[in-house]
Amino acid sequence: MKSIKVVIVGPFNAGKTTLVKTLSEISMTHEVEVTSPEERAKKRTTTVGMDFGIVNIGEGYVVRLFGSPGQQRFWFMWKVFLPGAHGLIFMVDSADRESVPEAAREFSRALSTFRRLPMVVAANKQDIRGAMSPEELRFVLDVPSWIPVIPCVATDRSMAWKVLGTLLEEVFRVSKIEV
Ligand SMILES: Nc1nc2c(ncn2[C@@H]2O[C@H](COP(=O)(O)OP(=O)(O)O)[C@@H](O)[C@H]2O)c(=O)[nH]1
Ligand SMILES: [Mg+2]
C-alpha cells in the first residue's frame, strides 16, 4: 500500500477538523473545550495536537491527512508535519472577513515553511451568505498564480473531495510518486 501525506493548516475555526472528518474513513480528532473568551465566541471546542485521518483513494494508495491546530502558538507544529509531506491544504473561513489579516499572515508563513510543496487553498464555508469568492480570497491573501483556490463546504463530500483531488493531481504531476 502506497501512502501520500497531506498536511492541513489554516486559522482557528477555518474548518480543518470538519474536512478531515468528511474525507476520512477513520479519523482521530482530539477536541477540548476552548478556554480563551475571544476564541470561545467563535466555537466551543478546539483541536489538541492534531487531527488525523486516512482516505483510501484506490489503486493501492491511501492518503494520510494531518490537520494542525489553528492558533499561532501552534505554528511550530508545522515543522513536525513537514518531513515526508507530499502536499498542503491551506484552509480559510471565507465568511470571516475580520480574520483576513490573520489568515494572510498565516498564509505567508505557510508559503515560507512549505515552500514549493504542491498546495491548494480551500475557500471554505461557501454556503454562508456573503462569503468571499475564491477570486476575492486569492486577492486578499495574495495567493500566487500556481496555487489553485477552490470553493469548499467542508461538510459536503463532493466539495471536500474536489479539494483533495485537485491537490492530488498536482502531487502526482510533480512527484511521480513512489511512496
Ligand atoms: N457553514 C459552514 N460551517 C462550517 C463549514 N466547515 C466548518 N464549519 C463549522 O465551523 C466551525 C469550525 O470548524 P472546525 O472544523 O472545528 O475548524 P478548525 O478550527 O479549523 O478545526 C464548526 O462549528 C464547524 O461546524 C462549512 O463549510 N460551512
Ligand atoms: Mg480543529
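Scroll up a little and you will see the structure.
Residues numbered from 1 in each chain as written. Chains lettered and ligands numbered in written order. Predicted model: local features only at pLDDT ≥ 70, side-chain atom pairs only at ≥ 80, totals over all residues. Heavy atoms only, no water.

### Re the overall build of the protein chain
Working step 1: Broken down by element type, the protein chain carries 6 helices and 7 strands.
Working step 2: In the protein chain, the order of α-helices and β-strands from amino to carboxyl end is β-α-β-α-β-β-α-β-α-β-α-β-α.
Working step 3: The C-alpha atoms of the protein chain give 15 Å as radius of gyration, which agrees with the globular expectation for 179 residues (16 Å, within 12%).
Working step 4: Here the protein chain, with 179 residues, has 50% of them falling under the buried criterion.
Working step 5: For the protein chain, the accessible surface area stands at approximately 8800 Å², while carbon and sulfur atoms represent 55% of it.
Working step 6: Taking the average place of the 23 positive charges on the side chains of the protein chain and the average place of its 20 negative ones, the gap between the two points comes to 4 Å. (Helix = DSSP H or I, 4+ residues; strand = E, 2+ residues; numbered from the N terminus. Rg over C-alpha atoms; globule rule 2.2 N^0.38 Å. Buried < 20%, exposed > 50% of the residue type's maximum accessible area, 1.4 Å probe, protein only. Areas by Shrake-Rupley, 256 points an atom, 1.4 Å probe, with all protein chains shown as cover. Lys, Arg positive; Asp, Glu negative; His and termini not counted. Charge placed at Lys NZ, Arg CZ, Asp CG, Glu CD.)

### Section: the site of ligand 1
Working step 1: Near ligand 1 you find 15 residues, and of these Lys16, Thr17, Thr18, Lys43 and Asp127 are the closest.
Working step 2: Between an oxygen atom of ligand 1 and a side-chain N or O atom of asparagine 124, the distance comes to 3.1 Å.
Working step 3: Computed on the free molecule, ligand 1 has an accessible area of 590 Å², of which 77% lies beneath the protein chains in the complex.
Working step 4: For the shell around ligand 1, the element with the highest residue contribution is helix H1 (residues 16-23), accounting for 3 residues.
Working step 5: Residues of the shell around ligand 1, tallied by class, amount to 6 nonpolar, 5 polar and 4 charged. (Near = heavy atom within 4 Å. Polar contact = N/O pair within 3.5 Å; in protein donor to acceptor, adjacent residues only side chain to side chain. Nonpolar A, V, L, I, M, F, W, Y, C, P; charged D, E, K, R; others polar.)

### Focus: H1
Working step 1: Among the 8 residues in H1, 6 count as buried, and that is most of the element.
Working step 2: All buried positions along H1 are accounted for by Lys16, Thr17, Leu19, Val20, Thr22 and Leu23.

### A few points about the pairing of strand S1 (residues 2-9)
Working step 1: Along S1, 7 of the 8 residues are buried, which leaves the element largely enclosed by surrounding structure.
Working step 2: For S1 and strand S4 (residues 61-67), the ladder comprises 7 bridges, and the chain directions are parallel. By the bridge assignment for S4, serine 3 is matched with valine 62.
Working step 3: Two strands pair when backbone bridges link them, and S1 and strand S5 (residues 87-93) are joined in this way by 4 bridges, in the parallel orientation. Paired with valine 7 across the bridge in S5 is leucine 88. (Pairing = 2+ DSSP bridges.)

### Looking at the pattern of salt bridges
A side chain of one charge can pair with a side chain of the opposite charge if their charged atoms are brought near each other.
Working step 1: Counted under the stated rule, the structure contains 3 salt bridges.
Working step 2: When the shortest N-O distance is used, the salt bridge between lysine 125 and aspartate 93 registers 3.2 Å. Taken as a pair, lysine 125 in the loop between strand S6 (119-124) and helix H5 (134-141) and aspartate 93 in strand S5 lie far apart in primary sequence, 32 residues in all. This pair shows no difference in class: lysine 125 is buried, exactly as aspartate 93 is.
Working step 3: Linking glutamate 170 and arginine 173 is a salt bridge whose minimum nitrogen-to-oxygen distance equals 3.0 Å. Residue glutamate 170 and its partner arginine 173 are located together in helix H6 (residues 157-175), separated by 3 residues, close to a single helical turn.
Working step 4: The class of glutamate 170 is partly exposed, set by a relative accessible area of 22%.
Working step 5: The class for arginine 173 is exposed, based on a relative accessible area of 55%. (Salt bridge = Lys/Arg side-chain N within 4 Å of Asp/Glu carboxyl O.)

### Regarding the pairing of S5
Working note: regular strand, side chains alternate between the two faces of the sheet.
Working step 1: By the criterion of burial, S5 is predominantly enclosed, with 7 of the 7 residues buried.
Working step 2: Of the two faces of S5, the one holding Gly87, Ile89, Met91 and Asp93 and the one holding Leu88, Phe90 and Val92 are both buried throughout.
Working step 3: Following the chain from S5 across helix H4 (residues 100-114) to the adjacent parallel S6, one finds a crossover that is right-handed. (Right-handed = clockwise from strand over helix to strand, strands pointing away.)

### Some remarks on H6
Working step 1: Taking 1.5 Å as the rise per residue, H6 with 19 residues should run 27 Å; its terminal C-alpha atoms sit 26 Å apart, in good agreement.
Working step 2: When we look at burial in H6, the residues that qualify are Ala160, Val163, Leu164, Thr166, Leu167, Leu168 and Val171.
Working step 3: Here H6 starts with a cap whose side-chain oxygen sits 2.9 Å from the backbone nitrogen of serine 158, and that cap is aspartate 156. (Expected span 1.5 Å × (residues − 1).)

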